[in-house]
Amino acid sequence: MKNIEEINFKGKKALVRVDFNVPLDGDYNITDYTRIKAAIPTIKRILDEGGAVILMSHLGRPKSGPEEKFSLIHLVKELSDRLGTEVKFADDCIGDSAIQMAEELQPGQVLLLENLRFYKEETKGDVEFAKKLSALGDIYINDAFGTAHRAHASTAIIAQFFDEKGCGYVMQAEVDNAEKVMTDPARPFIAIMGGAKISDKILIIEKMLEKVDTLIIGGAMSYTFFKALGGNVGDSLVEEDKLDLAKSLIAKAKENNVALELPIDSVIADKFAPDANTRISENFDIPEGWMGLDIGPDAQEVFR
């Protein structure tokens with residue numbers, strides 16, 4: 001794929017996959033603008049070159065079709081304000097309204113499509129769904145680094161339907177940083193990884209164990225490691241089918257002389273809710289009925 005700087009957008013409609021999976025409060029107000037701010041340079045680059053922009057994203061994890069709380073319409077005002085131009089909104093991403101609005105879009109205009117995940121075909125990587133999306137634009141730009149590891153229709157599948165395609169500034173920056181770190185890192189080289197699941201990051205963990213001096217593991221994935229080591233993790237999130245994998249990663253770290261650092265303790269809670277009771281517990285002995293939700297003070301000190 002090309003860098004966005006290598007593409008001429010004049011008179012073209014760019015279909016841009018962004019990551020607008022932003023948090024909303026009970027009144028649908030955005031509480032963290034980071035991902036929207038990150039996408040603005042890519043959008044403005046296309047507009048400044050005389051192109052039109054069609055934005056597509058997911059928001060949350062809707063279970064069975066459209067849900068008000070997951071509608072991207074809640075982002076329209078903020079996007080319009082930050083871009084200094086009206087952002088049009090299609091109440092679908094592949095239906096008649098999306099097709100008509102995309103056809104009518106003029107250079108310098110922006111169209112935001114409704115949540116891709118209102119269709120189960122998005123997360124299934126459905127080829128026909130991707131083909132329908134691709135028909136809306138002339139050029140495909142992927143600027144959603146946060147979802148690039150998933151084989152979804154709008155990320156991994158859709159590119160095959162475009163002759164001209166590239167990555168936006170967010171994606172390019174991440175790729176450049178990754179290449180720098182993986183090819184010529186400064187030493188000591190310490191990687192910090194979090195997130196809920198080992199399975200989402202298995203390839204990068206394995207690659208890191210070939211490169212780093214120390215690998216720090218935080219986030220919910222650490223509880224799978226602790227259970228694999230024989231610890232009691234209470235009701236903490238655990239990938240039961242990845243316990244052997246966790247053991248193999250621990251063994252690989254030892255073989256490669258990598259210091260694999262797991263958090264000593266956690267802030268635990270009796271439920272995942274704002275009014276939960278909390279306390280500190282060592283990660284090898286979290287009581288039943290309690291779950292680990294974040295690293296504890298001892299872990300913070302060791303990691304620091």
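Structural data are supplied above this passage.
Small disclaimer: the values here were computed from a predicted structure and weren't measured. For every chain, the first residue of its written sequence is number 1, and the numbers climb from 1 along that sequence. For a predicted model such as this one, the threshold for reporting local features is a pLDDT of at least 70, and the threshold for listing and counting side-chain atom pairs is 80 or more; totals across whole chains, interfaces and linings nevertheless cover every residue. Hydrogens and water are ignored here; the side-chain numbers use all heavy atoms of the structure.

A word on the sheet that holds strand 2 (residues 13-17)
The condition is simple: Pairing between two strands is assigned when DSSP locates at least 2 bridges connecting them. Helix numbers and strand numbers start at the N terminus; a helix is a DSSP run of H or I with at least 4 residues, a strand a run of E with at least 2. Whether two residues are in contact is decided by their heavy atoms, any of which lying within 4.5 Å being enough. Here an angle of 0 to 180 degrees is reported between the N-to-C directions of two axes, which are lines fitted to C-alpha atoms, with helices fitted over the stretch in contact.
Spatial ordering of the open sheet is given by 1-7-6-2-3-5-4, a layout of 7 strands whose pairing is parallel. The open sheet has two edge strands, strand 1 (2-3) and strand 4 (87-90), and neither has a second partner. Pairing analysis gives 3 bridges linking strand 6 (residues 139-142) to strand 7 (residues 165-167), with the strands arranged parallel. Paired with Ile141 across the strands is Gly166, a residue of strand 7. Running over the sheet, helix 2 (residues 76-83) touches strand 3 (52-56), strand 4 and strand 5 (110-113) and is turned about 155° from strand 4. Relative to strand 4, helix 3 (residues 96-104) is tilted by about 150°, and along the sheet it contacts strand 2, strand 3, strand 4 and strand 5.

Considering the layout of surface pockets
Where empty space is left in the structure can be found by rolling a water-sized probe over the atoms. Just so we agree on the cut-off: In this analysis the probe radius is 1.4 Å and the grid spacing 1 Å, with only protein atoms considered; a cavity is a set of points the probe fits into but cannot get out of, a pocket is an open set with protein on both sides within 12 Å along at least five of seven lines, and lining residues have an atom within 4 Å of a point. Grid points are joined across faces, edges and corners, and a volume is the space filled by probe spheres set on the points. Under the convention adopted here, Pro, Cys and the residues Ala, Val, Leu, Ile, Met, Phe, Trp and Tyr are nonpolar, Asp, Glu, Lys and Arg are charged, and Gly plus all remaining residues are polar.
Taken as a whole, the largest pocket spans an internal volume of roughly 1500 Å³. Together, 44 residues line the largest pocket, and Phe145, Gly146, His149, Asp200 and Lys201 are the ones closest to its centre. Looking at the lining of the largest pocket, the elements with two or more residues in it are helix 4 (120-124), helix 7 (169-183), strand 8 (190-193) and helix 8 (202-208). Tallied by class, residues from the lining of the largest pocket come to 19 nonpolar, 13 polar and 12 charged. Taken as a whole, the second largest pocket spans an internal volume of roughly 210 Å³. Lining the second largest pocket are Asp19, Thr34, Arg35, Ala38, Ala39, Asp143, Ala144, Phe145, Gly146, Val170 and Glu174. For the lining of the second largest pocket, the secondary structure elements donating two or more residues are helix 1 (34-48) and helix 7. Per element, the largest residue contribution to the lining of the second largest pocket is 4 residues, and it comes from helix 1.

Considering the environment of Asn3
Defined as follows: Polar contacts, as counted here, are pairs of nitrogen or oxygen atoms within 3.5 Å of one another; within protein the pair requires one atom able to donate a hydrogen and one able to accept it, and residues that are adjacent in sequence qualify only if both atoms are side-chain atoms.
Summarising the element assignment, Asn3 is placed in strand 1. Residues Asn3 and Glu68 lie 65 residues apart in sequence; the distance between their C-alpha atoms is 35 Å. Ignoring sequence-local partners within four residues, the contact set of Asn3 consists of Cys167 and Gln172. A polar side-chain atom of Asn3 sits 2.8 Å from the main-chain amide nitrogen of Glu5. Of note is the side chain of Asn3, whose polar atom sits 3.4 Å from the side chain of Gln172.

With respect to the environment of Thr42
Here Thr42 shows up in helix 1. The residues touching Thr42, leaving out its near neighbours within four places in the chain, are Ile4, Val16, Ile141, Asp143, Gly168, Tyr169 and Val170.

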